[in-house]
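Here's the letter readout for the chains.
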Amino acid sequence: MTDPVSKIGLGTVQFGIPYGISNKHGQTTEVEVNLILNYAKEVGIDVLDTASAYGTSEKVLGKNDLFDFKIVSKFLLQNSISKQLKESLQNLNVHSLYGYMAHRPMEVADNPAVWNQLIQLKEQGRIKKIGFSFNEVHEIENILSLGIIPDIIQVPFNYFDNRFEPYIIDLKEQGCEIHIRSVFLQGLFFTETTTLSSYFDEVKPIIVQLQNYGDKLPGVLLKYCIEKPFIDKVIFGINTLEQLQKNIKNILCSESLSLNTIKINNNIIIPSKWPRI
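The shown structure was predicted, so the numbers you read here are calculated from the model rather than taken from an experiment.

Trainee: Give me the lowdown on the overall build of the protein, citing residues and values where you can.
Mentor: When helices and strands are counted, the protein shows 11 helices and 8 strands. For 277 residues, the compact-globule estimate of 2.2 N^0.38 gives 19 Å, and the protein sits close to it at 18 Å. Dimensions of the protein, computed from C-alpha atoms along their principal axes, come out at roughly 50 × 45 × 45 Å. For the protein, the proportion of its 277 residues judged to be buried stands at 53%. Counting only contacts in the protein whose residues sit at least 6 apart along the sequence, the fraction spanning at least 24 positions is 73%. Surface exposure of the protein reaches about 12800 Å², of which carbon and sulfur atoms provide 49%.

Here you go:
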């Protein structure tokens, strides 16, 4: 059986900006980042997920020894890809990236020449795998309709959200590496339901039921995704070393969640649709 910890990848958005609906710690300090990365090496976590849009995340990571990690970053079409890649490599203090993804896939769909540029950068050895970070199903449908088969993709997937499952199963069979994020749905699963607005009424009873797992809930939610054979890496962010240690401990000792068969409204499972209060 595959070591569940080997399927973990660390999301690093919290290293560059305060992030998450339930985040009470703010941005992770550089001292804490160093502790987290050292521990990650010890337990066999080998993927770090970042992006140029994650505030100072790349620069903070670059102050550490990243030799043992596979670095995945993302770009926006705000200027040339080659220039953005150069800046990311400089910030990270590395010579190449394991993965480089379009943060907004539709920008590539509207400018197919961008994909050719990525292929060239890959051929130059500056990137090992090229692909996309998808947010909604229509994006992956558009990219696939262009005949593009990425080397690597990242999609949201969690106990509430399996929109992408048929697509990632198919791409996995074609050799694409599948990373998933939003396991904790920006912390929604941990939020006290009495503090949530009526907008979330549909899922409050389910959240209450899940919260019966107490401190083990993060591990339970992670294990739910790790156990899916079509998922290569489960990317999640943490603010402290203690959170990471607890999550790993809970993954190893948690029971498995049964499949969620309740279809959840897209307005709930897509955080960008949430009301800004």
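Trainee: Please set out the pattern of salt bridges residue by residue, giving values where relevant.
Mentor: All told, the structure shown has 12 salt bridges when counted by the stated rule. In this structure, lysine 70 engages aspartate 46 in a salt bridge whose closest nitrogen and oxygen atoms are separated by 3.8 Å. Here the residue lysine 70 occupies a position in strand β3 (residues 70-75), and aspartate 46 occupies one in the loop between α1 (30-43) and β2 (47-49), the gap between them amounting to 24 residues. Overall, the relative accessible area of 33% leaves lysine 70 in the partly exposed class. Note that arginine 163 and aspartate 161 form a salt bridge whose closest N and O atoms lie 2.8 Å from each other. On the basis of relative accessible area, arginine 163 is assigned to the buried category, the value being 14%. Because the salt bridges share partners, they merge into one network encompassing Asp46, Lys70 and Lys233.

Trainee: Which residues make up unusual backbone geometry, and what values go with them?
Mentor: In the Ramachandran plot, serine 182 falls in the positive-phi region, its phi being about 65 degrees despite a non-glycine side chain. Looking at the secondary structure, you find serine 182 in the loop between β7 (177-181) and α8 (204-210). Positive phi, normally seen in glycine, also occurs at leucine 185, with a value near 50 degrees. Considering the arrangement of structural elements, one finds leucine 185 in the loop between β7 and α8.

Trainee: Report on the nonpolar core, specifying residues and quantitative values.
Mentor: One finds Leu66, Ile153, Tyr159, Phe160, Ile180 and Leu244 to be the most contacted residues of the largest nonpolar core, which totals 83 residues. Looking at this core element by element, the count peaks at 7 residues for helix α9 (residues 217-226). When neighbours within four sequence positions are excluded, isoleucine 180 is seen to be in contact with Val155, Phe157, Cys225, Ile231, Lys233, Val234 and Ile235.

Trainee: Outline the pairing of β3, listing residues and values.
Mentor: Of all 6 residues making up β3, 5 are buried, and the element is well covered by its neighbours. Tracing the backbone out of β2, into helix α2 (residues 57-62) and back to the parallel element β3 gives a crossover that is right-handed. Pairing between β3 and strand β4 (residues 97-102): 4 bridges, direction parallel. From the neighbouring strand, valine 72 faces β4, where its bridge partner is glycine 99.

Trainee: Please provide a residue-by-residue account of the pairing of strand β5 (residues 127-133), values included.
Mentor: Of all 7 residues in β5, 6 are buried, a share of seventy percent or more. As defined by bridge partners, β4 adjoins β5 across 5 bridges and the pair is classed as parallel. Within the sheet, the bridge partner assigned to methionine 101 lies in β5 and is glycine 131. Across 3 bridges, the pairing between β5 and strand β6 (residues 152-156) is parallel. Note on β6: the bridge partner recorded for phenylalanine 132 is isoleucine 153.

Trainee: Lay out the environment of methionine 106 in plain terms, naming residues and giving numbers.
Mentor: Following the sequence through the fold, methionine 106 ends up in helix α4 (residues 105-110). Taking the C-alpha atoms as reference points, methionine 106 and asparagine 135, 29 residues apart in sequence, are found 10 Å from one another. Aside from chain neighbours lying at most four places away, what touches methionine 106 is His138, Glu139 and Asn142.

Trainee: Can you break down the sheet that holds strand β1 (residues 8-11) residue by residue, with the values?
Mentor: Spatial ordering of the closed barrel is given by β1-β2-β3-β4-β5-β6-β7-β8, a layout of 8 strands whose pairing is parallel. The mean inter-strand angle of the sheet, taken between neighbouring strand axes irrespective of direction, is 25 degrees. The pairing of β2 with β3 spans 3 bridges and is parallel. Bridging across to β3, aspartate 49 finds its partner in valine 72.

Trainee: Can you break down α1 residue by residue, with the values?
Mentor: Compared with the 20 Å implied by 1.5 Å per residue over 14 residues, the 20 Å span of α1 between its first and last C-alpha is a close match. Looking only at α1, the buried set comprises Val33, Ile36, Leu37, Tyr39 and Ala40. In an axial view of α1, the angular spread of the buried residues amounts to 165 degrees, which keeps them on one side of the axis. α1 presents Val31 and Glu42 as exposed residues on the side facing more than 90 degrees away from its buried surface. Summarising the contacts, the buried residues of α1 are in contact with β1, β2, α2 and α10 (241-253). Glycine 44 lies just past α1 and shows a positive phi near 95 degrees.

Cut-off values and rules
- Residues numbered from 1 in each chain as written.
- Predicted model: local features only at pLDDT ≥ 70, side-chain atom pairs only at ≥ 80, totals over all residues.
- Heavy atoms only, no water.
- Helix = DSSP H or I, 4+ residues; strand = E, 2+ residues; numbered from the N terminus.
- Rg over C-alpha atoms; globule rule 2.2 N^0.38 Å.
- Buried < 20%, exposed > 50% of the residue type's maximum accessible area, 1.4 Å probe, protein only.
- Contact = heavy atoms within 4.5 Å.
- Areas by Shrake-Rupley, 256 points an atom, 1.4 Å probe, with all protein chains shown as cover.
- Salt bridge = Lys/Arg side-chain N within 4 Å of Asp/Glu carboxyl O.
- Core = buried A, V, L, I, M, F, W, Y, C linked by side-chain atoms within 4.5 Å.
- Right-handed = clockwise from strand over helix to strand, strands pointing away.
- Pairing = 2+ DSSP bridges.
- Axes fitted to C-alpha atoms, helices over the stretch in contact; angles between N-to-C directions.
- Expected span 1.5 Å × (residues − 1).
- Arc of directions from axis to C-beta.

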